[in-house]
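Residue-level structure breakdown
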Amino acid sequence: MTDYYVQVRDLVKEFRDPSTGSIVKAVNNISFGVKNGQLMTLLGPSGCGKTTTLRLIGGFEIATSGDVLIDGVVVNDQPPNKRPTAMVFQSYALFPHMNVFENVAYGLKNRKLSSTEIKEKVVQMLSIVGLSGLEKRYPSQLSGGQQQRVALARALVVEPKVLLLDEPLSNLDAKLREQMRIELKKIQSNLGITSIYVTHDQLEAMTLSDMVIVMKDGIIMQQDPPQMIYRYPSNKFVAGFIGKANFLECVVLNCDRESCKVKIANGVVIDVDMRSGTQFQTGEKVYLVLRPEGGRFVRPQDGIVQGNVITKVYTGASAFFEIKTDYGVMSVEIQNPASVSLPEYNEVVGLHFDRSTLSVVKYE
Amino acid sequence: MYWFKQIKRILNEPMLFSMIIFIWVLLILFVLYPITMVGLKSFQPKTGIYNFDVYKTLFSKKYFVTPIINTLKLGIVVASVSVLIGYLFAYSIAKVNIPMKGFFRTVATFPIISPPFVIALAAILLLGRNGVLTKGLFGGTPPFEIYGFWGLVIVETLAYFPTAFMTLEAILTSISSDLEEASLSLGSNKWRTFWRVTFPLSLPGVLSAWLLVFSQSMADFGNPLILGGRYHVLSVSAYLEITGSYRISYGSGLAILLLIPTLIAFFVQRYWLSKKSYVTVTGKPSVVRALEPKMYVKVIFTVVCLVFVTAIFLFYGTVLFGSFTKLWGVDHTLTLANYKFAFTYNWEFIKDTLILASIATPLCGILGIMIAYLVARKQFPGRRIMEAVSLLTFAVPGTVVGIGYLLAFNQKPLILTGTALIIILIFVFRELPVGVQNGVAALYQIDRSIEEASLDLGSSSNKTFWKVTLPLLMPAFFNALFTAFVRSMTAISAVIFVVSGKWNLITVRILGAVGNSDLAQAAALSYVLIGIVLVAMFLLRFLTINFSYQTKIRRAMS
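Sequence order as written defines residue numbering, which begins from 1 separately in each chain. All chains are assigned letters beginning with A, and all ligands numbers beginning with 1, in the order in which they are written. This being a predicted model, a pLDDT of at least 70 is required before a residue's local features are given, and a value of 80 or more before pairs of side-chain atoms are given or counted; all residues contribute to the totals for chains, interfaces and linings. Side-chain metrics in this entry use all non-hydrogen atoms of the structure; hydrogen atoms and water are not considered.

With respect to the overall build of chain B
Each helix and strand in chain B was counted, giving 25 helices and 4 strands. For chain B, whose C-alpha radius of gyration is 25 Å, the value lies close to the compact-globule estimate of 24 Å for 558 residues. A 1.4 Å probe rolled over the protein chains alone gives each residue an accessible area, and that area as a share of the maximum for its type sets the label: buried under 20%, exposed over 50%, partly exposed in between. The buried share among the 558 residues of chain B stands at 55%. Two residues qualify as a contact provided that any one of their heavy atoms is within 4.5 Å of a heavy atom in the partner residue. Counting contacts in chain B only where the partners sit at least 6 residues apart, residues at least 24 apart contribute 78% of the total. Secondary structure is summarised from DSSP: a helix means a run of H or I of at least four residues, a strand means a run of E of at least two, and numbering begins at the N terminus for each. For this measure, only C-alpha atoms enter the radius of gyration; the expected value for a globule follows 2.2 Å times N^0.38, where N is the number of residues.

Following this line, the structure appears as structure tokens:
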């Protein structure tokens, strides 16, 4: 456990709901750690406690119980201005009465640095984020993407031990978001700064992170590297939240160390890979997780299930289908649709799924 | 448990704790205590005896019942007419794309920043027994009795419709024209769109404006004193009971009767209507594209606005003209004698008012911002109550405050009667809500994460306040200073109870001049006052331009 640079231990934060007066646990006894130089993402739907967790690490909220450790030191009693963290806010929180230079220099002025040193650092940081020449502009004169860069520069220039990012890209339009996402990752890994990133956008989480924590209702649902989270979701919520998923109720027939045989209600038996360490009992009811992008069309009698096409949407890079089966509507996404022949609306088809896109989660 | 935690945290910040205590002491002493004294006095017909005798008399003698009914009647009529006119005005500017919007808006705010009884004075100059209109148009007999109900309706409507206008303009502007366009695209015509979409959405604003004007009319003192004639209203009756007949208990009783409806109106408006508003303020600015109406609609609305603006100009112009005449109604030879007189014989009044208002204004602004900061940014038990109490003097009619100060500070432990301090205190605490409200509104607009960012970058909370919060609050602070100054300069209803021979006020002098039928002198003094207000306005503009960050940004852009 000691190789974690930032560590959260049994953290609890209770709020009083102002309308009902009852106590709400926004963060409910969570623990995790971030290794030096890594980027960890807290991912979850709104209200899952991810932002509260970040604010607890930054010192903006006082925990009901539990500890936050940075570089091995308990920082519970340190106010934000004493913690070695710097935050990039969702709203950027740029000082509207200061220009770009003054905004970025603000944090440096709290350290005993000479004005030439400050100037040097600010200029260097602005060139890193690509804002050279805009020193004299005020936040209101900048585009959203530029404001975002100022916010990032302002946080990075104080050389914090930990960078905290609270949905930093959510106010940008789609194109810009994609571009900033890549740039952010570059800057972060070049500087090698330990970062904690909060988002509700799973794509953002997957592309940026070394490690992803999926949260729901103040509890950690899964904590894994992006590939593992996608390949082996640990429960139905994560399977549905990360990427898209179809679910089929199954019964486990038998398992060995690496795979299980499961039986669908129509009698078809399927082999599914297991993550090492996970165990299911023979006869246990489970969900089979089938990723839409792993699906393909076969003759009706050859598929694991069959049904008729009720939706067909063409998006360019892919085609999206909904198929009504006896076990519910299932979706299938065909990549590079021009290369294969596709069924028509209302056609009866069989569905098959690549083994590498199948997994099993507990029935709940 | 929660309270206990809050208190524990405050005790860890001795600076904050002492600030809270300090403000509570001031609020209790100078807001709550005087009002309580009025209440107590009204149950005390003779020293040492407490009963309901005063109220029994007030509700049984016609002499007292009439003003009660009169005040309510006047308030209802003035509020209704003002809201109607205010709505027309606001709708013209916000929704009908009439020309010269800026001009109309500016003229409509004249009555707000001018001395309260300029319009009453103008009414006398125009329609009184020696009025120019009376003589020129009606051959010497007034068309109706200007001293009485209808005179007051005209004067108070002109004086208070701007309040309704400003409330309604804000509401109408915030109703996104997307909604109206949606209604039109769904097949409703403009008439139906107005009644089914725009009007219902503006209804909370209409009620709000009505209650505000109603309270203002109820609390009005200057106009009824000049124009009331035999039409008695509560504020004037209370004043006469105390200063004329020296029946303080009855005066207090009348003041309490005046206080109750205005307090109800205040709380309904503030805590109920404000929650009813359908208009939600999102960060996204709603684009107000005025739907381009038909030409004749535009013409009608423009003409209606022009009529009112002309009336305002006529009234103010008459007083201006009057201030340069020898003897109104008799000898209209132009002369500067009135101003000479004002700056020599009446100079003391002008000087005293300026000194007192200049001392009170910064105190009021600083205290207001302090309270606003505590209320909007700090957590402590009784926070909401502190806000409500500091805003209370908005709701309490000046007459009640004046009587309260008269009663409270004429005895131990604090004897202040006759001092300059008591006038300054009235100014400070009467205008306190302006600072609090401006400050709170500005603070709510400043994203909390801006201050958090400053903390996060290593500044202490003290440094954050000085470096980040205060610069952002500056425009609101200057605005509060200006309003407080103007309202102190033009105040009358509360201070009239505590002025003494030593310290006198220009407004009191104007009332005196009107009482002596020295209308030309009253007009000249009114314009001296207006002149001071204008100077203050330019000063404010200068300050805002030179010390606000927005100008810094604008300069950087060019």
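Here the narrative resumes, following the displayed structure.
Section: the packing of helix α15 (residues 295-323) of chain B against helix α24 (residues 519-547) of chain B
Residues and elements named next belong to chain B. With axes taken as lines fitted to C-alpha atoms, and helix axes fitted only over the stretch in contact, angles between N-to-C directions fall between 0 and 180 degrees. Relative to each other, α15 and α24 sit at 115°, their axes nearing to 7 Å. Relative to α24, α15 is oriented roughly perpendicular. Remark: the crossing between α15 and α24 carries left-handed chirality. Mapping the contact onto sequence places Tyr 316, Gly 317, Val 319, Leu 320, Gly 322 and Ser 323 in α15 and Ala 520, Ala 523, Ala 524, Ser 526, Tyr 527 and Ile 530 in α24. Its residues assigned to classes, the contact of α15 with α24 shows 8 nonpolar, 4 polar and no charged. To sort the angles, those under 35 degrees are grouped as roughly parallel, those over 145 as roughly antiparallel, those from 65 to 115 as roughly perpendicular, and the leftovers as oblique. Each helix crossing is assigned a hand: it is left-handed if the near helix lies turned anticlockwise from the far helix by less than a right angle, otherwise right-handed if that turn is clockwise. Throughout this entry, Asp, Glu, Lys and Arg are counted as charged residues, while Ala, Val, Leu, Ile, Met, Phe, Trp, Tyr, Cys and Pro are counted as nonpolar. The remaining residues, Gly among them, count as polar.

What about the sheet that holds strand β18 (residues 328-335) of chain A?
Residue and element names in this part refer to chain A. Should DSSP find at least two bridges between two strands, the strands are taken to pair. Reading across from one edge, β15-β19-β16-β17-β18 is the order of the 5 strands in this open sheet, with antiparallel pairing throughout. Edge positions in the open sheet fall to β15 (295-298) and β18, since each of these has one partner strand only. Taking the axes of each pair of neighbouring strands and ignoring which way they run, one obtains an average angle of 45° across the sheet.

What about the side chain of Arg 231 of chain A?
Residue and element names in this part refer to chain A. With respect to the element layout, Arg 231 can be found in helix α7 (residues 226-231). Overall, the relative accessible area of 18% leaves Arg 231 in the buried class. What qualifies as a polar contact is a pair of N or O atoms within 3.5 Å, subject to a donor-acceptor requirement within protein and to the restriction that residues adjacent in sequence count only when both atoms come from side chains. Polar contacts involving the side chain of Arg 231 include one to the side chain of Asp 273, which spans 3.4 Å. If sequence neighbours within four positions are ignored, Arg 231 has contacts with Asp 273, Arg 355, Ser 356, Thr 357, Leu 358 and Ser 359.

Focus: the environment of Arg 270 of chain B
Residues and elements named next belong to chain B. With respect to the secondary-structure elements, Arg 270 resides in helix α14 (residues 248-276). C-alpha of Arg 270 to C-alpha of Phe 138: the two residues are 132 residues apart in sequence and 46 Å apart in space. If near-sequence neighbours (up to four positions away) are discounted, Arg 270 is found in contact with Glu 387, Leu 391 and Gln 437.

Considering the pattern of salt bridges
Note on definitions: salt bridges are taken to be side-chain nitrogens of Lys or Arg within 4 Å of carboxyl oxygens of Asp or Glu. Applying the stated criterion across every chain, the model contains 24 salt bridges over all chains. Two residues, Glu 167 of chain A and Lys 50 of chain A, come together in a salt bridge whose shortest N-O distance is 3.7 Å. With Glu 167 of chain A in the loop between β7 (162-166) and α5 (174-191) and Lys 50 of chain A in helix α1 (residues 50-58), the pair connects residues that are 117 residues apart, well separated along the chain. Taking relative accessible area as the criterion, Lys 50 of chain A reaches 4% and is therefore assigned buried. When the shortest N-O distance is used, the salt bridge between Lys 351 of chain B and Glu 348 of chain B registers 3.6 Å. Remark: Glu 348 of chain B and Lys 351 of chain B occur in helix α17 (residues 347-377); sequence separation between them is 3 residues, near one turn of the helix. Taken together, the salt bridges that share partners define one network made up of Arg 55 and Glu 61 of chain A together with Glu 452 of chain B.

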